[in-house]
Amino acid sequence: MVDAALLRSLAVDPSELAPAPPWTPRGSAGMQRLDGRHPCVRCGRPSTVAGVVETPEHGRRWVDRCVPCLVATTPRGRPQAPLTEPLAVLREAARTVGVALTTATDGV
């Protein structure tokens, strides 16, 4: 399921998206939707991925995207642990081989 925050970031009004069925066996309705008639919500090219977003106001709605836009708009997780230890290992490895290392966390 697509996060409703994605629609806000793309400035997509859920009321403008086609209603999605309340429940479907995994993949079947999405596969049927990929018939080339639905434009990507981000760029307008033919969609190749069909997802669903659910909002309290509008219920379940189809979110159609092409693969490049899917990749560009898929949230990435952040590291759950502090980067202190992995950065220390990288710095030590760089020092050992004589390479200068600057990371974005060094405030550059």
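What comes next concerns the included structure.

Rules of the game
- Residues numbered from 1 in each chain as written.
- Predicted model: local features only at pLDDT ≥ 70, side-chain atom pairs only at ≥ 80, totals over all residues.
- Heavy atoms only, no water.
- Disulfide = S-S within 2.5 Å.
- Buried < 20%, exposed > 50% of the residue type's maximum accessible area, 1.4 Å probe, protein only.
- Helix = DSSP H or I, 4+ residues; strand = E, 2+ residues; numbered from the N terminus.
- Lys, Arg positive; Asp, Glu negative; His and termini not counted.
- Salt bridge = Lys/Arg side-chain N within 4 Å of Asp/Glu carboxyl O.
- Polar contact = N/O pair within 3.5 Å; in protein donor to acceptor, adjacent residues only side chain to side chain.
- Contact = heavy atoms within 4.5 Å.

## Some thoughts on the state of the cysteines
Next up, step 1: Within this structure, the stated rule accounts for zero disulfides.
Next up, step 2: With no disulfide partner, C40 has as its closest neighbouring cysteine sulfur the one in C69, 3.7 Å distant.
Next up, step 3: Judged by relative accessible area, which is 4%, C40 ranks as buried.
Next up, step 4: For C66, which is in no disulfide, the shortest distance to another cysteine sulfur is to C69 and amounts to 3.5 Å.

## Brief notes about the side chain of R65
Next up, step 1: Residue position: R65 is located in strand β2 (residues 59–65).
Next up, step 2: In this structure, R65 is buried with no salt-bridge partner, the nearest side chain bearing the opposite charge being D64 at 8.4 Å.
Next up, step 3: In terms of polar contacts, R65 uses its side chain to reach the side chain of T73, at 2.6 Å.
Next up, step 4: Those residues within four positions of R65 in sequence are excluded, and the remaining contacts are V2, L6, C40, V41, S47, T48, V49, L70 and T73.

## Examining the environment of W62
Next up, step 1: Structurally, the position occupied by W62 is in strand β2.
Next up, step 2: Taking C-alpha positions, W62 is 9.9 Å from H38, a pair spaced 24 residues apart along the chain.
Next up, step 3: Within the local environment of W62, its side chain forms a polar contact with the backbone oxygen of P19, the two atoms lying 3.4 Å apart.

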